[in-house]
Amino acid sequence: MSQRHAVVAGAGIGGLSAALALHRRGWRVTVCERADGPTAAGAGIVLAPNALRAFDTIGFDATRAAGRAVPAAMGLRRPDGRLLSRADTAALAARYGRPPLAVHRAALAAALAAGLPGGTVRYGAAVTAVDDADGSPVVRTASGDLEADLVVAADGIHSPLRRHYFPDHPGLRHSGETAWRTVLPAGPGGPAGTAAAETWGRGERFGIVPLADGRVYLYATAVVPEGYRPADLRRELLARFGAWHDPIPALLERIDPAAVLQHDLYDLAAPLPRYHRGRVAWLGDAAHAMTPNLGQGACQAIEDAAVLAHLADARDLPAALAAYSAARCARTDAIRVRARRVGRAAAFSHPLARAARDLAVRVTPARLARRALDDLFDGFALPAALTPAA
């Protein structure tokens, strides 16, 4: 049997993970990315134990490949610094085999791309359409056509391929929040003196995640109208968070407004009916865009990639893609809905609602908290493989 060819639309974390997983299972892979080249822009990413386990099945060591990773067990605080819940790194490692690890998103993407043969990733080659009327896909790109046995739609939250193949789907839903993200260079308040934590206030949140080499990933959210962009970003963030607990004020003073990313937060308004159509498979944000409230967006994309490559070994590829949909739809949609609910609670602004929320977090029995994490961190498993290709 000749070597099968997969075309991956999108060179984000999900697309590169799928490309590497398929490559290591003997596929020839072409990744088509609309951007003109790799970028160092971006922020941090926390790889939960389920994502690390999925990487294990691919044979990719994120800790070693993306540079020194930092344990990122997240505590939860109020703006005055009072703890609502405490995350124990050692306990998480004992229960799940390893704790969540924080890395820079650009470093992880570069490490995944480095595991692919030279020339696999084609920049400036956006996928414009897929012609698969006869069951043999032809991928139309800005730099020419490509014949493929499999097309992986990893083209992001605004996925053109999702819109084309599911025209009746309602699309994205604005969560009511915007998010700011940046990475501070090494300096005061680095990992040696800063613990990973998220702080919940009145319709606002602030997160601190130490990265390697003294850098710190910061993120913040606020309930604002869709499209809201402050005229003076530094003043905006200081007005919202400058009186919160240490080290938030000192970290805000070090922010370079030009290096801050702002994105309104969206998720899918409804689940897709399936994650495949013919020989096209969707993964990551293109399949199940979710708000970042559980830190599972990229983690679920990595799970998708591992499962897709595992099942794509089958002789009957359409049956394999149907099995992929069956394996992934329920889990990812449950997490999408759960992330939406957590976001709604975190965004409470009424004093009584906030007080009730904070009390609920503090008094939740440890066994229930562990069960909630078990659903996320222990929920990944490869399904039974189909008949392998000859």
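Look a little higher up for the structure.
A brief look at the structure comes next. Just so we're clear, the structure is a prediction, and the values are computed from it rather than from any experiment. (Residues numbered from 1 in each chain as written. Predicted model: local features only at pLDDT ≥ 70, side-chain atom pairs only at ≥ 80, totals over all residues. Heavy atoms only, no water.)

Some thoughts on the overall build of the protein chain
Part 1 of the argument: Each helix and strand counted, the protein chain has 13 helices and 19 strands in total.
Part 2 of the argument: Compactness check: the protein chain gives a C-alpha radius of gyration of 21 Å against a globular reference of 21 Å for 390 residues, within 12% of the reference.
Part 3 of the argument: For the protein chain, the spread of C-alpha atoms along the principal axes amounts to about 65 × 45 × 40 Å.
Part 4 of the argument: In the protein chain, which comprises 390 residues, the proportion classed as buried is 50%.
Part 5 of the argument: For the protein chain, restricting intrachain contacts to residue pairs at least 6 apart in sequence, the fraction spanning at least 24 positions comes to 75%.
Part 6 of the argument: As displayed, the protein chain offers around 16,600 Å² of accessible surface, 53% of which is attributable to carbon and sulfur atoms. (Helix = DSSP H or I, 4+ residues; strand = E, 2+ residues; numbered from the N terminus. Rg over C-alpha atoms; globule rule 2.2 N^0.38 Å. Buried < 20%, exposed > 50% of the residue type's maximum accessible area, 1.4 Å probe, protein only. Contact = heavy atoms within 4.5 Å. Areas by Shrake-Rupley, 256 points an atom, 1.4 Å probe, with all protein chains shown as cover.)

Section: the pairing of strand β17 (residues 261–268)
Part 1 of the argument: Taken across its eight residues, β17 has six buried, putting it largely inside the fold.
Part 2 of the argument: Here seven bridges tie strand β13 (residues 172–184) to β17, and the two strands are oriented antiparallel to one another. Each residue of the ladder has a partner; that of His 174, found in β17, is Tyr 266. (Pairing = 2+ DSSP bridges.)

Re the pattern of salt bridges
Part 1 of the argument: This structure, assessed with the given rule, holds 19 salt bridges.
Part 2 of the argument: Here Asp 378 makes a salt bridge to Arg 53, at a shortest N to O gap of 3.6 Å. Taken together, the residues Asp 378 in the segment after α13 (366–377) and Arg 53 in helix α2 (residues 49–58) connect sequence positions 325 residues apart.
Part 3 of the argument: Owing to a relative accessible area of 22%, Arg 53 belongs among the partly exposed residues under this scheme.
Part 4 of the argument: For Arg 235, the salt bridge identified is with Asp 232, shortest N-O distance 4.0 Å.
Part 5 of the argument: Residue classification places Arg 235 among the exposed residues on the basis of a relative accessible area of 61%.
Part 6 of the argument: Among the residues examined, Asp 232 registers a relative accessible area of 36% and is labelled partly exposed.
Part 7 of the argument: Several salt bridges converge on common partners, so that one network encompasses Glu 303, Asp 304, Arg 328 and Arg 331. (Salt bridge = Lys/Arg side-chain N within 4 Å of Asp/Glu carboxyl O.)

Describing the packing of aromatic side chains
The relation between two aromatic rings is expressed through the spacing of the ring centres and the mutual angle of the planes.
Part 1 of the argument: One pass over the structure, following the stated rule, counts seven aromatic pairs.
Part 2 of the argument: Through pairs of rings, three or more aromatic residues link up here, namely Tyr 165, Phe 166 and Trp 282.
Part 3 of the argument: Sitting above the plane of the Phe 166 ring, Arg 277 keeps its charged end 5.2 Å from the centroid. (Phe/Tyr/Trp six-rings, centres within 6.5 Å; stacked < 30°, edge-to-face > 60°. Lys NZ or Arg CZ within 6 Å of the ring centre and 35° of its normal.)

Observations regarding the nonpolar core
The nonpolar side chains of a soluble globular protein tend to be buried, and buried together.
Part 1 of the argument: Ranked by size, the top nonpolar core spans 81 residues in total, and within it Leu 22, Leu 47, Phe 55, Phe 60, Leu 108 and Trp 282 carry the most contacts.
Part 2 of the argument: Examining the composition of this core, we find that nine residues originate from one element, helix α10 (residues 297–311), more than from any other.
Part 3 of the argument: By size, the runner-up hydrophobic cluster in this structure holds 18 residues, among which are Val 216, Trp 244, Leu 252 and Ile 255. (Core = buried A, V, L, I, M, F, W, Y, C linked by side-chain atoms within 4.5 Å.)

Looking at the sheet that holds strand β10 (residues 138–141)
Part 1 of the argument: Pairing is antiparallel in the open sheet, where three strands are placed in the order β9-β10-β11. Edge positions in the sheet fall to β9 (127–131) and β11 (144–147), since each of these pairs with one other strand and no more. Neighbour to neighbour, the strand axes of the sheet diverge by 20° on average, direction disregarded.
Part 2 of the argument: Where β9 lies against β10, four bridges are found, and the strand directions are antiparallel. Paired with Asp 131 across the bridge in β10 is Val 138. (Axes fitted to C-alpha atoms, helices over the stretch in contact; angles between N-to-C directions.)

Quick notes on the sheet that holds strand β15 (residues 204–210)
Part 1 of the argument: Ordered by their spatial adjacency, seven strands build an open sheet running β6-β5-β14-β15-β16-β13-β17, and the pairing between neighbours is mixed. Of all the strands in the sheet, the pair left with one neighbour each is β6 (83–85) and β17. The mean angle between the axes of side-by-side strands here comes to 25°, regardless of whether they run parallel or antiparallel.
Part 2 of the argument: Sheet analysis places strand β5 (residues 75–77) next to β6, joined by two bridges and oriented antiparallel. If you follow Leu 76 over to β6, its bridge partner there is Ser 85.
Part 3 of the argument: Contacts from helix α12 (residues 351–363) reach β5, β6 and β14 (197–200), with the element oriented near 60° to β6.

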